[in-house]
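Per-entry structural report
Okay, here's what each chain looks like letter by letter:
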Amino acid sequence: MNGTLGQRAADLAAKHIGSWAFLIAFNIFVTSWCVVNALLGGRAFDPYPFILLNLVFSWLAGVQAPVIMISQNRQEEVGRETQLAILRLLQAQQHVIQQQGEHIGATNDLLGQVEKALANIEKLAKSQGVMLEQILEEVEDESDAA
């Protein structure tokens, strides 16, 4: 885990305190406390009306709100960091897409130049074909005349 001790504690609190597992475990703890002290009778460490348990509840109520706020603040901080990381990733992707667009544009320009060159080569080939035909006609004419 990354972060300071307080950040790690806030992450742990956010992960566990608001869970069903915590709620169930806490209820089992309170029920066990009451049952054990009721069964121990006069030897109970917290006899009925469970004054020590009430003190634990008071302490928990006093600590619970700040812990929840700290964990919420930490979750907001983590959310902001995640959003910044996503923003950086999107910016990098945008840069790559721009580069690809430029590359495609340059490739299209080259293809246009190749098409023009091929058209010129085709014209030259036709011209050479016409010239060859004329030369052949002249050679045939000279052969017929001789």
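Please read these numbers as outputs of a predicted model, since none were measured by experiment.

Here's the deal with unusual backbone geometry
Leaving glycine out, the prevailing phi sign among residues is negative, and the prevailing peptide bond configuration is trans. Across the junction of Tyr48 and Pro49, the peptide omega takes the value 20°, indicating a cis bond. With respect to the helices and strands, the residue Pro49 is situated in the loop between α2 (20-40) and α3 (51-145).

Focus on α2
Think of an α-helix as turning once every 3.6 residues; residues three or four places apart then point the same way. Given a rise of 1.5 Å per residue, 21 residues ought to cover 30 Å, and the 30 Å separating the end C-alpha atoms of α2 matches this to within 8%. Taken as a whole, α2 has its buried residues at Val30, Trp33 and Asn37. Projected down its long axis, α2 shows its buried positions confined to an angular sector of 55°, all on one face. Opposite the buried face of α2, at more than 90 degrees from it, the exposed residues are Trp20, Ala21, Ile28, Ala38 and Leu39. As for α2, its buried residues are in contact with α3.

Comments concerning the layout of surface pockets
Approximately 260 Å³ is the volume attributed to the largest pocket. Ile17, Gly18, Ser19, Phe22, Leu23, Phe26, Trp59, Leu60, Val63, Gln64, Val67 and Ile68 together form the lining of the largest pocket. Taken together, the residues of the lining of the largest pocket break down into 9 nonpolar, 3 polar and no charged.

Side note on the pattern of salt bridges
Under the defined criterion, the tally for this structure stands at 2 salt bridges. Two residues, Arg74 and Glu77, come together in a salt bridge whose shortest N-O distance is 3.1 Å. Separated by 3 residues within a single helix, Arg74 and Glu77 lie in helix α3, roughly one turn from each other. On the basis of relative accessibility, which here comes to 9%, the residue Arg74 falls in the buried class. Here Glu122 and Lys126 are joined by a salt bridge, their closest N and O atoms 3.8 Å apart. Placement of both Glu122 and Lys126 in helix α3 is noted, with a separation of 4 residues, approximately one turn of the helix. Lys126 gets classed as exposed once you look at its relative accessible area, which sits at 55%.

Parameters at a glance
- Residues numbered from 1 in each chain as written.
- Predicted model: local features only at pLDDT ≥ 70, side-chain atom pairs only at ≥ 80, totals over all residues.
- Heavy atoms only, no water.
- Helix = DSSP H or I, 4+ residues; strand = E, 2+ residues; numbered from the N terminus.
- Expected span 1.5 Å × (residues − 1).
- Buried < 20%, exposed > 50% of the residue type's maximum accessible area, 1.4 Å probe, protein only.
- Arc of directions from axis to C-beta.
- Contact = heavy atoms within 4.5 Å.
- 1 Å grid on protein atoms, 1.4 Å probe; cavity = no way out; pocket = protein on both sides within 12 Å on 5 of 7 lines; lining within 4 Å.
- Points joined across faces, edges and corners; volume = space filled by probe spheres on them.
- Nonpolar A, V, L, I, M, F, W, Y, C, P; charged D, E, K, R; others polar.
- Salt bridge = Lys/Arg side-chain N within 4 Å of Asp/Glu carboxyl O.

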